[in-house]
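Here's the letter readout for the chains.
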Amino acid sequence: MTAQPAPATAPGVAHQEMANAIRFLSADAVQKANSGHPGMPMGMADAATVLFSRFLKFDAAAPDWQDRDRFVLSAGHGSMLIYSLLYLTGYPGMTIDDLKNFRQLGSKTAGHPEYGHAPGIETTTGPLGQGITTAVGMALAERMQAARYGADVVDHYTYVIAGDGCLMEGISHEAISMAGHFNLSKLIVLWDDNSICIDGPTSKTVGDDQLARFAASGWDVCSVDGHDAEAVAAAIHAARASDKPSLIGCRTTIGYGAPTKAGSASTHGAPLGDEEIAGAKAALGWAHDAFVVPDDVLAAWREVGARGATAHGAWDARVAAMDATARAEFLRASAGTLPAGWKAALNAHKKAMSETAPKLATRQASGKALEALAPVVPEMIGGSADLTGSVNTKTPDMTPVTAEDFSGRYMHWGVREHGMAAAMNGMALHGGFIPYAGTFLVFADYMKGAMRLSALMEQRVVYVLTHDSIGLGEDGPTHQPVETLATLRATPNFNVFRPCDPVETAECWALALENEKTPSGLVLTRQGVPTLRTTHTDDNLCAKGAYVLAEAEGGDRQVTLLATGSEVSIAMDARAALQADGVPTAVVSMPCWELFETQDAAYRASVLGGGVRVAVEAAVRMGWDRWLGENGGFVGMSSFGASAPAPQLYQHFGITAEAVAAEAKARL
């Protein structure tokens, strides 16, 4: 392992002056916006100053340096803490005017840190608990990249500032448990232990012994005075030397320095007021107007921001000295570029599926597609929430990631769906990997907070969502997700793929990999479906979201049947019946509404056709009417499901070829 840069000594400017710069930039910005959370930045300014000025490895001039330490502000409501630090340390594009524009339309300094708004914001936070769990994924990715390329080029820490709210959220338990299980010793969490939440003292809400809770999951823990710079520094130094993940409880006063509001809930989520800010400045010896940072203090902070350039340069030299093949692979994977040849491998698989025309559940077809993809896309990291055999996400050559060996490619996430999703966000944000993992579609509800952030942050995370309808059968309505497709389709920048057969499944996997800025949900069946695409083409027909699978015969199209997934074969059987009755009928497969929406109007019209349209999907109708028009019909679900074998359920709920044909004839 390469030696980490030694902890820097305290800067020449007094620690309190540097911390006060954070405090009062934060308080001033919240006051100007008349909105925000000043208390947390004021309380954690001391700990943040120690972390950034003495320990954090970063080069402000190169925010995307791959071997930088990652800093996650899990307590995202205190966003002015990170915005102040980005300005003070000299990150490009973060100006004093950006701080003055806090929480305004179009500002980089949104109410909560938004990934992509400004360099140095490693992840979007604000929904509490997401940040600490995303950080677990980042720490995992660091260990996994180091196992592949060596500690000479991958050797960095992940630091988190978390609040009481982060630790109250249930997802935090999943994060803590995962980090302890995988022994992520380069993950260090600084807990803002201020005993205050919006409703008042945390004693109203929670009585947990947080140190004991973390220790029970295998963490090193300690508690220090969060306003004692040397105590915080000693704790971080010890945490860096630990062979376990570390929690440092920083006992702080929320709104530190405010003469009448410090230590109270009134500093949590509202401006302090001009008089209170003036009193705090007087109490802490900060004799400067709003948004003014003295030259010597700013210079000290800018020195902190530039200090990492030396370590960055040394790293560049080590990367240049790597074996040429390993270096090219490291840089390619870190940049998120897919390797050469992957599409040819998938097309060969697709051709084999068309030629052999197997009847497979699309979850099995997904597993077959992964067997073609995994060898040629080595950065793909699979996993499941304790459902590996059911969701078919592990290929035969994949070995598990363990605390003893991070070189594997498969994550056994356990029954931690929400934590799994947030950690995959962290892996994607870290770079170097394309994470995917599986669970049942109905449990997307458990993951929704993290899935939404995948979309908001434009991360290539692939959710394999199987057992997608009443077709799962006997497990019954608790597991039959009649409404979940509509929920996912309502999410902006999230592609929902519901393929109808093994060929479409392969094509949807290709699209999930190619869309670098859009997460995907592959919605897959438990039950077997026939291969409908028996003529091979290298063209990806699913790329347009919907296409004519079978055109009308014997005259102009009178009926168009629209379907997704397992119901496409039902639509094909209904078409055969209608054609036999002299009704020219087309079938349109619609594996991805989101991609279909992006096509031009002429293409959409050519696919949807005129005349009668009927949709069939084993889910609720919501969303279908945009494609059906005023005279459209729908065959699907209008209630929860039931427990019975799948064929009986399709008959019971009337999702049959006969019902589809009858629905069409009723509208002619």
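Here, the structure is the one placed above.
Here we summarise the structure given alongside this text. Just so you know, these numbers come straight off a predicted model, no measurement behind them.

## Quick word on the layout of surface pockets
In this model, the largest pocket occupies a volume close to 890 Å³. Taken together, 36 residues line the largest pocket, and the ones lying closest to its centre are Tyr-115, Ser-334, Ala-428, Leu-429 and Gln-459. When contributions to the lining of the largest pocket are tallied by element, the ones reaching two or more residues are helix H13 (324-335) and helix H17 (417-430). Counting residues per element, the lining of the largest pocket draws most heavily on H13, which supplies 4 residues.

## What to know about the packing of aromatic side chains
Tallying each qualifying case throughout the model produces 19 aromatic pairs. On the numbers, 5.9 Å between centres and 5° between planes, the contact of Phe-58 with Tyr-91 is stacked. Highlighted residues: Phe-58 in the loop between helix H2 (39-55) and strand S1 (70-73) and Tyr-91 in the loop between helix H3 (79-89) and helix H4 (96-100), separated in sequence by 33 residues. Since its relative accessible area comes to 10%, Tyr-91 is described here as buried. Centroid distance Phe-596 to Tyr-603: 6.3 Å. Interplanar angle 70°. Geometry classified as edge-to-face. Following the ring pairs from residue to residue traces out a cluster consisting of Trp-593, Phe-596, Tyr-603, Trp-624, Trp-627 and Phe-634. Across from the ring centre of Tyr-87, 5.2 Å away, lies the NZ or CZ of Arg-302, which sits over that ring. The ring centre of Tyr-603 lies 4.5 Å from the NZ or CZ of Lys-544, which sits over that ring.

## Description of the pattern of salt bridges
For the structure shown, the criterion picks out 25 salt bridges. A salt bridge links Arg-557 to Glu-551, with the nearest nitrogen and oxygen atoms 3.0 Å apart. When its relative accessible area of 18% is taken as the criterion, Arg-557 is described as buried. When salt bridges with common partners are traced through the structure, they connect Asp-468, Arg-489, Arg-498, Glu-567 and Glu-617 into a single cluster.

## A short note on empty space enclosed by the protein
All chains considered together, the criterion is met by 2 cavities of 30 Å³ or more. In terms of lining residues, the largest cavity is bounded by Phe-52, Leu-56, Phe-58, Arg-68, Asp-69, Phe-71, Ile-82, Leu-86, Tyr-91, Gly-120 and Glu-122. Class assignment for the residues of the lining of the largest cavity results in 7 nonpolar, 1 polar and 3 charged. Put simply, the second largest cavity is a space of about 40 Å³. As for the second largest cavity, its lining consists of Phe-71, Val-72, Leu-73, Ile-82, Pro-113, Ile-121, Glu-122, Thr-123 and Thr-125. Counting residues per element, the lining of the second largest cavity draws most heavily on S1, which supplies 3 residues. Of the residues belonging to the lining of the second largest cavity, the class tally is 6 nonpolar, 2 polar and 1 charged.

Reading the values: rules and limits
- Residues numbered from 1 in each chain as written.
- Predicted model: local features only at pLDDT ≥ 70, side-chain atom pairs only at ≥ 80, totals over all residues.
- Heavy atoms only, no water.
- 1 Å grid on protein atoms, 1.4 Å probe; cavity = no way out; pocket = protein on both sides within 12 Å on 5 of 7 lines; lining within 4 Å.
- Points joined across faces, edges and corners; volume = space filled by probe spheres on them.
- Helix = DSSP H or I, 4+ residues; strand = E, 2+ residues; numbered from the N terminus.
- Phe/Tyr/Trp six-rings, centres within 6.5 Å; stacked < 30°, edge-to-face > 60°.
- Buried < 20%, exposed > 50% of the residue type's maximum accessible area, 1.4 Å probe, protein only.
- Lys NZ or Arg CZ within 6 Å of the ring centre and 35° of its normal.
- Salt bridge = Lys/Arg side-chain N within 4 Å of Asp/Glu carboxyl O.
- Nonpolar A, V, L, I, M, F, W, Y, C, P; charged D, E, K, R; others polar.

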